[in-house]
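Results of the structural survey
Single-letter residue listing:
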Amino acid sequence: MLHEDSAPLRVLYLGGTGTISASCVRLTAATGMATTVLNRGRNESGRELPAEVESLVADVADQAQLEAALQDREFDAVVNFLSFDAADARRKFAFFGPRTGQYVHISSGSIYAKPVRQVPIVESTPTGPNAPLPYATAKWEAEEALRNTPATIVRPSHTYDDANPPLPGGWTVIDRMLRGEEIPVHGDGTSLWTLTHAEDFAQGLVGLLGNPRAIGETFNITGSDVYTWDQIYRIVAGALGVEARLVHVASEMFPLVAPDWFWSGETVGDIGHSAVFDTTKIRTFVPGFAPRLTFHRAASRMVAWRRDHSSLCQADPATDAVLSRIMSAYHAAREIFTAAAPADVRLGS
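Cut-offs applied
Residues numbered from 1 in each chain as written. Predicted model: local features only at pLDDT ≥ 70, side-chain atom pairs only at ≥ 80, totals over all residues. Heavy atoms only, no water. 1 Å grid on protein atoms, 1.4 Å probe; cavity = no way out; pocket = protein on both sides within 12 Å on 5 of 7 lines; lining within 4 Å. Points joined across faces, edges and corners; volume = space filled by probe spheres on them. Helix = DSSP H or I, 4+ residues; strand = E, 2+ residues; numbered from the N terminus. Nonpolar A, V, L, I, M, F, W, Y, C, P; charged D, E, K, R; others polar. Axes fitted to C-alpha atoms, helices over the stretch in contact; angles between N-to-C directions. Parallel < 35°, antiparallel > 145°, perpendicular 65-115°, else oblique. Contact = heavy atoms within 4.5 Å. Pairing = 2+ DSSP bridges. Left-handed = near helix turned anticlockwise from the far one by under 90°. Buried < 20%, exposed > 50% of the residue type's maximum accessible area, 1.4 Å probe, protein only. Lys, Arg positive; Asp, Glu negative; His and termini not counted. Salt bridge = Lys/Arg side-chain N within 4 Å of Asp/Glu carboxyl O. Phe/Tyr/Trp six-rings, centres within 6.5 Å; stacked < 30°, edge-to-face > 60°.

Looking at empty space enclosed by the protein
Sizing a probe to match a water molecule and rolling it over the atoms shows the empty space that remains. The full count for this structure, using the stated rule, is one cavity of 30 Å³ or more. The space that makes up the largest cavity amounts to roughly 70 Å³. Lining the largest cavity are Pro-168, Val-173, Ile-183, Pro-184, Val-185, His-186, Tyr-233, Phe-254, Trp-261, Trp-263, Thr-267 and Leu-323. Listed by contribution, the elements that provide at least two residues to the lining of the largest cavity are β8 (182-186) and α9 (262-269). The element contributing the most residues to the lining of the largest cavity is β8, with four residues.

Below, the structure written as structure tokens:
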């Protein structure tokens, strides 16, 4: 019985130890492909890679280091997880394109124009710059730089793994849950959001490698796990054995009180909108693509990871301070609104 769709390919990953890429590297190696990763030799989150994976050490932003590490080597597929703007996307394609039969650029589902006019989101849904979210704008510009090239474009959306919980604030939020602290949730907590475990994403990506029909094509690769944000937080709290103290804060308030926090731009530019994706195209090109992990089970895996890798899952004091600042501002605003109500009709009177 064939458990994996194997292929004798030589595959190079730019990155390879990140949230999404590590699972792709593992699956690529498991299918029997000759797998190489190229990065700066750091693995700060402790994601282990198979022993048979070759590691090349170089700063991918340094042309001289790239040339020294690769020399005249060629690959059947090169997968770039590391380009985040147009200039770098052009440089990487110019350097690696001639060295490979298939160049895969990892983009982002955040490039779809918000608010989305119709769901589910398909590959032809309009994309564009995103003023509140510079990251999304840069990823959109990177894609535009590769327009009319033979690159395979892949758009994941909020892909997570055991070492990276998909919560604004990550392990710090989990620490707050365990301490019984309040957690700010953008909007009213009911916007719909798609979560994808990296192991499920890897099925789609690895299935595209070596497929000549995928060259020049664009793909959404996401799971089918769709939840409200309140559900996402409560599932994590349930896996921890605690009750989440969720407080709903208007999305547009996050950038006002915490303009220094990445997730503030996300609340108005991305996660504050519902995002449900159509995956018909990837299922057509990769018939075996079948996400298996529900977030309920994945949350239990994250809790186990935290227990076994406690030194890598510490709360960040700066993030905790931001979350506390948001909560303080919320309660101050609530007092002002309460005081402004007519005295004879105030809540609780």
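Topic: the layout of surface pockets
Each pocket or cavity is described by its volume, and for the largest pocket that value is around 1400 Å³. Elements supplying a minimum of two residues to the lining of the largest pocket: α3 (86-96), α4 (134-145), β7 (159-160) and α9. The element that contributes the greatest number of residues to the lining of the largest pocket is α9, accounting for three residues. For the lining of the largest pocket, the per-class residue count stands at 19 nonpolar, 20 polar and ten charged.

Topic: the packing of helix α5 (residues 171-179) against helix α11 (residues 295-308)
Closest axis-to-axis distance for the α5/α11 pair is 13 Å, and the angle between their directions is 90°. As summarised for this structure, α5 and α11 are arranged roughly perpendicular, according to the angle between their axes. Residues Trp-171, Ile-174, Asp-175 and Leu-178 of α5 lie in contact with α11, whose contacting residues are Met-302, Trp-305 and Arg-306.

Topic: the sheet that holds strand β2 (residues 34-39)
The strands making up a sheet associate through hydrogen bonds between their backbones, and the pairing can be parallel or antiparallel. What the seven strands build is an open sheet, ordered β3-β2-β1-β4-β5-β6-β10; its pairing is parallel. Across the chains shown, the open sheet's two edge strands, defined by having one partner strand only, are β3 (54-57) and β10 (218-220). Recorded for the sheet is a direction-independent mean angle of 20° between the axes of neighbouring strands. Summarising the sheet, strand β6 (residues 152-155) and β10 pair through three bridges and their orientation is parallel. Looking across to β10, one finds that Ile-153 is bridged to Thr-218.

Some words on the sheet that holds strand β9 (residues 192-197)
Strands sit in the order β7-β9-β11 across an open sheet of three strands; the sheet is mixed. With partners counted over all chains shown, the strands left at the sheet margins are β7 and β11 (225-228), one partner each. With two bridges connecting them, β7 and β9 associate as parallel partners. When the bridges of β9 are listed, Tyr-160 appears paired with His-197. In the packing of helix α6 (residues 198-208) onto the sheet, the strands contacted are β7 and β9, and the crossing angle to β9 comes to about 75°. Packed on one face of the sheet, helix α7 (residues 229-240) meets β9 and β11 and runs near 100° to β11.

Examining the packing of α3 against α4
α4 packs onto α3 with a crossing angle of 40° between their chain directions and a minimal axis gap of 7 Å. In terms of their interaxial angle, α3 and α4 are classed as oblique. Note on packing geometry: the crossing formed by α3 with α4 is right-handed. Of the residues in α4, those in contact with Ala-86, Ala-89 and Arg-90 of α3 are Ala-138, Glu-141, Ala-142 and Ala-145.

Concerning the side chain of Asp-200
Topologically, Asp-200 is positioned in helix α6. Look at Asp-200: it is buried, it has no salt bridge, and the nearest opposite charge is Arg-292 at 4.9 Å. Residues in contact with Asp-200, not counting those within four places in the same chain, are Phe-289, Pro-291, Arg-292 and Leu-293.

Details of the packing of aromatic side chains
Counted by the stated rule, this structure contains twelve aromatic pairs. On the basis of an interplanar angle of 80° and a centroid distance of 4.8 Å, the ring pair of Phe-219 and Phe-285 is categorised as edge-to-face. Taken as a pair, Phe-219 in strand β10 and Phe-285 in helix α10 (residues 280-285) lie far apart in primary sequence, 66 residues in all. In this pair, the class of Phe-219 matches that of Phe-285, namely buried. Ring geometry for Trp-229 against Tyr-233: centres 6.1 Å apart, planes inclined by 50°, an arrangement best described as tilted.

Regarding the pairing of β9
A large share of β9 lies buried, amounting to five of its six residues. As defined by bridge partners, β9 adjoins β11 across four bridges and the pair is classed as antiparallel. Of the residues in β11, the one forming a bridge with Trp-193 is Tyr-227.

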